[in-house]
Amino acid sequence: MIVGKWKITNISGNNEHSDSFGIGSEAEFKADGTCKGWFSMEDAYKIEDGRVKTFYARTNEPMFVYTLLSQNGMTLSVRMDGTLDDKCSCTLTLQKVN
(Lines give C-alpha, C1' and ligand atoms only; values in the text may rest on other atoms or scores of the structure.)
Protein backbone atom coordinates (compact mmCIF):
# COMPACT_ATOMS: atom_id res chain seq x y z
CA MET A 1 0.00 0.00 0.00
CA ILE A 2 2.89 2.43 0.68
CA VAL A 3 4.39 2.04 -2.81
CA GLY A 4 3.94 5.22 -4.82
CA LYS A 5 4.38 8.96 -4.49
CA TRP A 6 2.71 10.75 -1.58
CA LYS A 7 2.05 14.45 -0.95
CA ILE A 8 1.58 15.94 2.52
CA THR A 9 -1.78 17.73 2.75
CA ASN A 10 -1.84 18.33 6.52
CA ILE A 11 0.59 18.25 9.45
CA SER A 12 -0.29 18.36 13.15
CA GLY A 13 1.73 17.77 16.30
CA ASN A 14 5.43 18.26 17.00
CA ASN A 15 7.03 18.87 13.61
CA GLU A 16 10.49 20.04 14.60
CA HIS A 17 11.54 19.64 10.96
CA SER A 18 9.30 22.31 9.45
CA ASP A 19 12.37 23.70 7.66
CA SER A 20 12.81 20.36 5.82
CA PHE A 21 9.26 19.44 4.83
CA GLY A 22 5.79 20.89 4.92
CA ILE A 23 2.39 20.84 3.25
CA GLY A 24 2.87 20.07 -0.44
CA SER A 25 6.14 18.14 0.09
CA GLU A 26 6.33 14.76 -1.62
CA ALA A 27 8.02 11.43 -0.88
CA GLU A 28 8.17 8.29 -2.99
CA PHE A 29 8.34 4.68 -1.83
CA LYS A 30 9.36 2.06 -4.41
CA ALA A 31 8.58 -1.66 -4.43
CA ASP A 32 12.30 -2.54 -4.17
CA GLY A 33 12.59 -1.04 -0.66
CA THR A 34 14.15 2.25 -1.74
CA CYS A 35 12.56 5.60 -1.17
CA LYS A 36 13.07 9.28 -1.66
CA GLY A 37 11.82 10.53 1.68
CA TRP A 38 11.43 14.03 2.98
CA PHE A 39 15.10 14.04 4.04
CA SER A 40 18.12 13.38 1.81
CA MET A 41 19.38 10.50 3.98
CA GLU A 42 15.93 8.87 4.10
CA ASP A 43 16.56 6.60 1.11
CA ALA A 44 15.44 3.07 2.09
CA TYR A 45 12.63 1.49 4.06
CA LYS A 46 11.38 -1.78 5.49
CA ILE A 47 8.06 -2.79 6.94
CA GLU A 48 8.26 -4.25 10.44
CA ASP A 49 5.46 -4.85 12.93
CA GLY A 50 3.01 -3.17 10.54
CA ARG A 51 5.02 0.07 10.48
CA VAL A 52 7.19 1.63 7.77
CA LYS A 53 10.71 2.27 9.08
CA THR A 54 12.97 4.45 6.97
CA PHE A 55 16.75 4.50 7.16
CA TYR A 56 19.94 5.65 5.44
CA ALA A 57 20.92 2.64 3.29
CA ARG A 58 24.68 3.21 3.33
CA THR A 59 24.99 2.98 7.12
CA ASN A 60 21.60 1.49 8.17
CA GLU A 61 21.05 4.57 10.34
CA PRO A 62 17.37 4.69 11.34
CA MET A 63 15.50 7.80 10.28
CA PHE A 64 11.72 7.74 10.94
CA VAL A 65 8.90 5.35 11.80
CA TYR A 66 5.50 5.77 10.12
CA THR A 67 2.46 4.15 11.75
CA LEU A 68 -0.81 3.97 9.81
CA LEU A 69 -3.65 5.60 11.73
CA SER A 70 -6.36 5.48 9.06
CA GLN A 71 -6.97 5.08 5.35
CA ASN A 72 -9.72 6.58 3.22
CA GLY A 73 -9.26 5.65 -0.44
CA MET A 74 -6.03 7.27 -1.63
CA THR A 75 -5.57 9.28 1.58
CA LEU A 76 -3.57 8.06 4.56
CA SER A 77 -3.20 9.44 8.05
CA VAL A 78 0.13 8.36 9.58
CA ARG A 79 2.00 9.15 12.74
CA MET A 80 5.63 10.01 12.03
CA ASP A 81 8.02 9.44 14.92
CA GLY A 82 11.71 10.23 15.01
CA THR A 83 14.32 7.68 16.00
CA LEU A 84 17.41 7.92 18.18
CA ASP A 85 17.68 11.50 19.48
CA ASP A 86 15.01 12.95 17.17
CA LYS A 87 11.97 14.16 19.12
CA CYS A 88 9.66 14.54 16.11
CA SER A 89 6.19 13.11 16.61
CA CYS A 90 3.56 14.43 14.27
CA THR A 91 0.56 13.27 12.28
CA LEU A 92 0.71 13.57 8.50
CA THR A 93 -2.20 13.38 6.10
CA LEU A 94 -0.89 12.00 2.80
CA GLN A 95 -2.58 12.01 -0.61
CA LYS A 96 -1.36 9.48 -3.18
CA VAL A 97 -0.01 11.29 -6.24
CA ASN A 98 0.56 8.18 -8.43
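A few points on the structure.

About the cut-offs
- Residues numbered from 1 in each chain as written.
- Predicted model: local features only at pLDDT ≥ 70, side-chain atom pairs only at ≥ 80, totals over all residues.
- Heavy atoms only, no water.
- Helix = DSSP H or I, 4+ residues; strand = E, 2+ residues; numbered from the N terminus.
- Buried < 20%, exposed > 50% of the residue type's maximum accessible area, 1.4 Å probe, protein only.
- Core = buried A, V, L, I, M, F, W, Y, C linked by side-chain atoms within 4.5 Å.
- Contact = heavy atoms within 4.5 Å.

**A look at unusual backbone geometry**
Then step 1. Positive phi outside glycine occurs at Asp-49, with the angle close to 55°.
Then step 2. With respect to the secondary-structure elements, Asp-49 resides in the loop between strand 4 (44-48) and strand 5 (51-56).
Then step 3. Relative accessible area serves as the criterion here: at 71%, Asp-49 is assigned to the exposed category.
Then step 4. The phi angle at Asn-60 is positive, at roughly 65°, despite the residue not being glycine.
Then step 5. For Asn-60, the location among the structural elements is in the loop between strand 5 and strand 6 (61-72).
Then step 6. We classify Asn-60 as exposed; its relative accessible area is 56%.

**Section: the nonpolar core**
Then step 1. With 21 residues, the main nonpolar core has Phe-29, Trp-38, Tyr-66, Met-80, Leu-92 and Leu-94 as its most contacted residues.
Then step 2. For this core, the elements supplying multiple residues, two or more each, are strand 1 (4-14), strand 2 (26-29), strand 6, strand 7 (75-82) and strand 8 (89-96).
Then step 3. The contact partners of Trp-38, leaving out residues within four places of it in the chain, are Trp-6, Ile-8, Ser-20, Phe-21, Ser-25, Glu-26, Ala-27, Tyr-66, Leu-92 and Leu-94.

That's the geometry; what it means functionally is another story.
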